[in-house]
Amino acid sequence: MQLILISGLSGSGKSVALKALEDAGYASVDNLPATLLASLIALYREQGHERVAISVDTRGGPTLAALPGAMAALAAEGVDVRLLYLEAKSDTLVRRFSETRRRHPLSGPGLTVEESIRQEEAMLAEVKALGYPIDTSELSANRLRTWIKALVGAEAGRLTLVFESFGFKHGVPLDADLVFDVRCLPNPFYDPRLRPLTGLDQPIVDFLLQESSVAEMVNDIRRFLDKWLPAYRQENRSYLTVAVGCTGGQHRSVFVVETLARAFADEQVLVRHRELPEAR
């Protein structure tokens, strides 16, 4: 059985993620108390379900403390347990609550939304350490659904390398494990003919390939990863997110991510381009 647990901050897109898995054929349950996890999985096993998605978060109150033990027990029984932790920047979450006019689950008399968010982060600190974080600050619902499906589709038991391009002017991804800054490389943005294109387009590729500093940067990152990947594997990680940033996340970082993904083709690799239009 594959069990995907969805947790994280209120307003970060947990409902979207759970619905995406339900649409992909997972039996799903929202807001399950962690103390009921073992019995529910036993029931689903009896019914023959092989893929299950469950959201567990602060709405479960004190039962949340039982989650680490429940996950360990299920893993010991042979269940492929993975936890995806969704989060977003505080200002993004405040804006989302304002736009939807929804009440934060932890809000109370004299407690602002920002204070509720900080309180929830503290309550979920141990849960976050158990799973793979996903920063939804700059993601549309459609792109989040795509990322969720790609993550759960990765083969269990192997380290998945996630290469993500981004623009520093939009902020560093919260879910990045390693961040490389390629803003020092020659920028195609200053050529009016290249400005509308992206690092996926051949003219941008040709422009960057002719710059020796670009090849040096890529080779340096590749050597770093070659050296340290074994150490990350020894931590029994399921995912390692390598974020590469340039100014706008459109040209240089996209090219470098695509080049690195090809260089590590023998690994299990996922590629993300946070700032590119979803049609790309």
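Criteria and cut-off values
- Residues numbered from 1 in each chain as written.
- Predicted model: local features only at pLDDT ≥ 70, side-chain atom pairs only at ≥ 80, totals over all residues.
- Heavy atoms only, no water.
- Buried < 20%, exposed > 50% of the residue type's maximum accessible area, 1.4 Å probe, protein only.
- Helix = DSSP H or I, 4+ residues; strand = E, 2+ residues; numbered from the N terminus.
- Pairing = 2+ DSSP bridges.
- Contact = heavy atoms within 4.5 Å.
- Expected span 1.5 Å × (residues − 1).
- Arc of directions from axis to C-beta.
- Core = buried A, V, L, I, M, F, W, Y, C linked by side-chain atoms within 4.5 Å.
- Salt bridge = Lys/Arg side-chain N within 4 Å of Asp/Glu carboxyl O.
- Patch = residues over 30% accessible without salt bridge, like charges linked within 9 Å, V, L, I, M, F, W, Y side chains within 5 Å.
- Areas by Shrake-Rupley, 256 points an atom, 1.4 Å probe, with all protein chains shown as cover.
- Lys, Arg positive; Asp, Glu negative; His and termini not counted.
- Charge placed at Lys NZ, Arg CZ, Asp CG, Glu CD.
- Axes fitted to C-alpha atoms, helices over the stretch in contact; angles between N-to-C directions.
- Parallel < 35°, antiparallel > 145°, perpendicular 65-115°, else oblique.
- Left-handed = near helix turned anticlockwise from the far one by under 90°.
- Nonpolar A, V, L, I, M, F, W, Y, C, P; charged D, E, K, R; others polar.
- Domains from an automatic or database assignment.
- Buried area = accessible area lost by both parts, 1.4 Å probe.

Under an unreviewed UniProt entry, the protein chain has the name RNase adaptor protein RapZ and belongs to Crenobacter luteus.

Trainee: Would you take a moment to explain the pairing of strand 1 (residues 2-8) for this structure?
Mentor: Looking along a regular strand, one sees the side chains alternate between the two faces of the sheet. With respect to burial, strand 1 is a largely interior element, seven of its seven residues being buried. Neither face of strand 1 is exposed, since Gln2, Ile4, Ile6 and Gly8 on one face and Leu3, Leu5 and Ser7 on the opposite face are all buried. In the sheet, strand 1 pairs with strand 3 (residues 51-55) via five bridges, with the strands oriented parallel. Among the inter-strand pairings, Leu5 is bridged to a residue of strand 3, identified as Ile54.

Trainee: Looking at this structure, I do not really get the environment of Leu84. What am I missing?
Mentor: If you trace the backbone, Leu84 turns up in strand 4 (residues 80-87). On a C-alpha basis, the gap between Leu84 and Ala243 in space is 18 Å, while along the polypeptide they are 159 residues apart. Look past the residues within four positions of Leu84 in its chain and what remains in contact with it is Ile4, Leu5, Ile6, Ser7, Tyr132, Ile134, Ile148 and Val152.

Trainee: What should I look at first to understand helix 7 (residues 141-153) in this one?
Mentor: Along an α-helix, residues three or four positions apart point the same way, because every turn accommodates 3.6 residues. For helix 7, which comprises 13 residues, the first-to-last C-alpha distance of 18 Å matches the rise-based estimate of 18 Å (1.5 Å per residue) to within 8%. Those residues of helix 7 that fall on the buried side of the exposure criterion are Arg143, Leu144, Trp147, Ile148, Leu151 and Val152. Projection of helix 7 onto a plane perpendicular to its axis shows the buried side chains occupying an angular sector of 160°, all on one side.

Trainee: Looking at this structure, I do not really get helix 2 (residues 37-46). What am I missing?
Mentor: Buried within helix 2 are the following residues: Leu37, Leu40, Ile41 and Tyr44. The buried residues of helix 2 occupy one face: seen down the axis, they fall within an arc of 100°. Against strand 1, strand 2 (27-29), strand 3 and helix 3 (67-76) lie the buried residues of helix 2. With its phi angle positive at about 90°, Gly48 sits one or two positions after the end of helix 2.

Trainee: Can you help me understand the nonpolar core in this one?
Mentor: Taken as a class, soluble globular proteins show a tendency for nonpolar side chains to be buried jointly. Of all hydrophobic cores here, the largest spans 29 residues; its most connected members are Phe163, Leu240, Val242, Val256 and Leu260. Looking at this core element by element, the count peaks at seven residues for helix 9 (residues 212-234). With sequence-adjacent residues up to four places away left out, Val256 is seen in contact with Val182, Leu185, Val218, Ile221 and Val244. Of all hydrophobic cores here, the second largest spans 27 residues; its members include Leu37, Ile41, Leu74 and Leu124.

Trainee: It is not clear to me how the pattern of salt bridges should be interpreted in this structure. Could you clarify?
Mentor: Between side chains of opposite charge, a pair can form when the charged atoms approach closely. In this structure the tally under the stated criterion is 20 salt bridges. Each of the salt bridges in this network shares a partner with another, and the network as a whole consists of Lys14, Asp30, Asp57 and Arg59.

Trainee: How should a negative patch on the surface be read in this particular structure?
Mentor: Together, Asp91, Glu114, Glu115 and Glu138 make up a region of like negative charge exposed at the surface. Relative to the elements of secondary structure, Asp91 occurs in helix 4 (residues 90-100).

Trainee: Which parts of the structure should I look at to understand the packing of helix 4 against helix 5 (residues 113-123)?
Mentor: Think of two packed helices as two axes; the pair is described by the angle between the axes and how far apart they sit. Closest axis-to-axis distance for the helix 4/helix 5 pair is 10 Å, and the angle between their directions is 125°. Considering their axes alone, helix 4 and helix 5 lie oblique with respect to each other. Considering only the axes of helix 4 and helix 5, their crossing is right-handed. Between helix 4 and helix 5, the contacting residues are Ser90, Leu93, Val94 and Phe97 on the first element and Val113, Glu114, Ile117 and Glu121 on the second. Of the residues contributing to the contact of helix 4 with helix 5, the split by class is five nonpolar, one polar and two charged.

Trainee: Would you mind going over the packing of helix 1 (residues 14-23) against helix 7 with me for this structure?
Mentor: Where helix 1 contacts helix 7, the axes come no closer than 9 Å and their chain directions differ by 55°. When the interaxial angle is binned, helix 1 and helix 7 end up oblique. The two elements helix 1 and helix 7 cross, and the hand of that crossing is right-handed. Side by side, helix 1 and helix 7 meet where Val16, Ala17, Ala20 and Leu21 of the first sit next to Ala141, Leu144, Arg145, Ile148, Lys149 and Val152 of the second. A breakdown of the residues in the contact of helix 1 with helix 7 according to their chemical character gives eight nonpolar, no polar and two charged.

Trainee: Explain the domain arrangement of the protein chain to me, please; I cannot follow it from the model alone.
Mentor: Many analyses report the size of an interface as the accessible area lost when the parts associate. Here the domain parsing of the protein chain yields domain 1 (2-153) and domain 2 (160-273). For domain 1 versus domain 2, the distance between C-alpha centres works out to 29 Å. On the side of domain 2, twelve residues touch domain 1, which itself brings 15 residues to the contact. Taken over both partners, the interface formed by domain 1 and domain 2 buries close to 1200 Å², and the fraction arising from carbon and sulfur atoms is 56%. At the boundary of domain 1 and domain 2, one finds zero salt bridges. Broken down by secondary-structure element, the contributors of at least two residues to the side of domain 1 that touches domain 2 are strand 4, strand 5 (132-135) and helix 7. When residues in the side of domain 1 that touches domain 2 are grouped by element, the largest group, five residues, is from helix 7. Across the side of domain 1 that touches domain 2, the residue classes break down as eight nonpolar, one polar and six charged.

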